[in-house]
Amino acid sequence: MAKIETPRPVRGTQDMLGGTAEAFQERFAHVVATFDRVRKLYGFQRVEVPVFESTAVFARSLGESTDVVSKEMYTFEDRGGDSITLRPEFTAGISRAYITEGWQQYAPLKVATHGPLFRYERPQKGRFRQFHQLDAEILGAGEPAADVELLVLADQLLRELGVSEGVTLNLNTLGDAESREAWRAALIAHFEAHRGELSEESIDRLAKNPLRILDSKDPRDRPIADSAPDIDAYLTDEARSFFDKVTSGLDAAGVAWERNSRLVRGLDYYRHTAFEFITDRLGAQGTVLGGGRYDGLIENLGGPSTPAVGWAAGIERLAMLIDQPAIDKPQVVLIPMGEAAEAKATGIIADLRRAGIACDMGYRGNMKKRMQRANASGARYAIILGDDELARGEVAIKDLEQGSQATAALAGLTDAMWAQVMRNEFPDAVTTNADGVVVQEPFQL
């Protein structure tokens, strides 16, 4: 009989077990909890949008010529023959919901969300094909104060996560429509004059998305991109004033920033502010949070002309920057020897867990192996129960850290064990029950 071949995990996804999974989930949960706490301080409502949308939602918003649409989207035809795409980002779905769900009535609308996204891209450090992001958006606000609020929110989030050290806010302006169009024409003229020196990818971008040549990583493009004109020479007075208000707002809020005139967004609906928070701790791909103003997106999706600004941050990448948390360990391990003891231990461990004590049970192997596993688990105490202890109505309690051992009655064991754990963790605490009465004293070890 031919051997059955086990399917391999899809590239760019993760399987985790035990301590690795728990450590990651602790950091992941900390990022999400901190985000939820901070966004509430700023009045951002939680919003949920579907994990998949009509492909047109992303094709219209991200642009047919972008790498995300042309190379990275997970797109399929459903049973009804409709083209469906797993969401590669949040902004398009939120913008679609803003139109179709009538959320315009709440403008200016401040919303936030987090969850899984999907992109078929080359996996890198902290980047996966199934990944998770935080997202914050302000829809229906065209004032620079909205940009400032989002940037201050992002800065506070990074500070409260404890990852702001070594993270730099890079900031640029893309100007208003008039400024951007004049700059785009100047860039095309510049790049056309050097067409023969450009990479094949940049020649293709010259026709579709010339601003993207500015952030090309190809060494053939860098001298040409570095000598390209900046947008400053093409800014209208209105666009310059908008950017000045953003930077002065950041200064007033105490948020440090650096100007990066090569930071761009290629799609035409992006306006004014573009930004990235960049770290040197994650290799070459150092962006941990990025976004900008997208005043033309909702109109591109068939809605009314609506100013909007937002950002997204990779949860996995933020979690990688957080210090390794302590992994939770059981406080108590039960070691029953014999069928009668195992039956009794099942009730004991249930009572201990209901009392808030983290427990595990060793029910395989001889006594020596069970005690070895109890020590390896990191638990402080082992409760040993055999036929002899059962006959006497008691258990043996061993302090695995100090090596001492004592006996305790089965009756009232949960209260005594809880008191011992609490005295160990909070030696100065006085343990009382709901009526204010001191509970059973811990056994003496």
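Attention here is on the structure that accompanies the text. For clarity, every value in this text was computed on a predicted model and none was experimentally measured. Every chain is numbered on its own, with residues counted from 1 as its sequence reads. Reporting of local features is limited, given that this is a predicted model, to residues whose pLDDT is at least 70; pairs of side-chain atoms are given and counted only at 80 or more, and all residues count toward the totals for whole chains, interfaces and linings. No hydrogens and no water enter the side-chain calculation; it runs on all heavy atoms of the structure.

Quick look at the overall build of the protein chain
Part 1 of the reasoning: Helix numbering and strand numbering both begin at the N terminus, where a helix is a DSSP run of H or I of at least 4 residues and a strand a DSSP run of E of at least 2. Scanning the protein chain from N- to C-terminus turns up 15 helices and 16 strands.
Part 2 of the reasoning: Sequence-distant contacts, at least 24 apart, represent 69% of the contacts inside the protein chain between residues at least 6 apart.
Part 3 of the reasoning: In this description, accessible areas are obtained by the Shrake-Rupley approach with a 1.4 Å probe, and a residue is regarded as covered only by the protein chains that are shown. Counting every atom, the protein chain has about 22,100 Å² of accessible surface; 49% of that belongs to carbon and sulfur. Between two residues, a contact is recorded if the distance between any of their heavy atoms is within 4.5 Å.

So, the nonpolar core
Here is a general trend for soluble globular proteins: nonpolar side chains tend to be buried in one another's company.
Part 1 of the reasoning: Residues F277, W311 and L318 are the most contacted members of the largest nonpolar core, which totals 44 residues.
Part 2 of the reasoning: Counting residues per element, this core draws most heavily on helix α5 (residues 144-161), which supplies ten residues.
Part 3 of the reasoning: Each residue touching F277, except ones within four places of it in the same chain, is listed here: L151, A154, D155, L158, V167, T168, L169, G286, T287, V288 and L289. Throughout this description, the term nonpolar core refers to a set of buried Ala, Val, Leu, Ile, Met, Phe, Trp, Tyr and Cys residues connected via side-chain atoms within 4.5 Å. Relative accessibility decides the category of a residue: with a 1.4 Å probe and only protein chains considered, values under 20% of the type maximum give buried, values over 50% give exposed, and everything between is partly exposed.

Some thoughts on the sheet that holds strand β4 (residues 83-86)
Part 1 of the reasoning: Spatially, β2-β4-β3 is the arrangement adopted by the three strands of the open sheet, whose pairing is antiparallel. Of all the strands in the sheet, the pair left with one neighbour each is β2 (52-54) and β3 (75-77). Averaged over all adjacent pairs, the angle separating strand axes in this sheet is 35 degrees, with direction ignored.
Part 2 of the reasoning: Pairing of β3 with β4, which is carried by three bridges, proceeds in the antiparallel orientation. The partner of F76 across the bridge, within β4, is I84.
Part 3 of the reasoning: In this description, a line fitted to the C-alpha atoms serves as the axis of each element, helices being fitted only across the stretch in contact, and the angle between N-to-C directions of two axes falls anywhere from 0 to 180 degrees. Against the sheet, helix α2 (residues 55-62) engages β2, β3 and β4, with an angle of about 80 degrees to β2. Two strands are counted as paired when DSSP detects at least two bridges linking them.

Points about the packing of aromatic side chains
Part 1 of the reasoning: In this scheme Phe, Tyr and Trp rings, the latter by its six-membered ring, pair at centre separations within 6.5 Å, and the angle between planes marks the pair as stacked below 30 degrees, edge-to-face above 60, and tilted otherwise. A complete count under the given rule lists two aromatic pairs for this structure.
Part 2 of the reasoning: Ring geometry for F35 against W311: centres 6.1 Å apart, planes inclined by 65 degrees, an arrangement best described as edge-to-face. Placement of F35 in helix α1 (residues 18-41) and of W311 in strand β11 (residues 308-314) is noted, with a sequence separation of 276 residues between them.
Part 3 of the reasoning: With relative accessibility at 1%, the residue W311 sits in the buried group.
Part 4 of the reasoning: Note on Y74 and Y120: the rings are 6.0 Å apart at their centroids and 75 degrees apart in plane angle, and the pair reads as edge-to-face. Of this pair, Y74 sits in the loop between α3 (67-72) and β3 while Y120 sits in the loop between β5 (109-118) and β6 (130-139), placing them 46 residues apart in sequence.
Part 5 of the reasoning: Directly above the ring of Y120 sits R129, whose terminal nitrogen or CZ lies 4.0 Å from the centroid. The rule for a charge over a ring is simple: NZ of Lys or CZ of Arg within 6 Å of the ring centre, and within 35 degrees of the ring normal.

What about the pairing of β5?
Part 1 of the reasoning: With respect to burial, β5 is a largely interior element, eight of its ten residues being buried.
Part 2 of the reasoning: Where strand β1 (residues 45-46) meets β5, two bridges bridge the pair, whose relative direction is parallel. Paired with Q45 across the strands is V111, a residue of β5.

Some remarks on the environment of L158
Part 1 of the reasoning: Assignment of secondary structure puts L158 in helix α5.
Part 2 of the reasoning: What makes L158 buried here is its relative accessible area of 2%.
Part 3 of the reasoning: Considered as a pair, L158 and F35 are 123 residues apart in the sequence and their alpha carbons are 9.2 Å apart.

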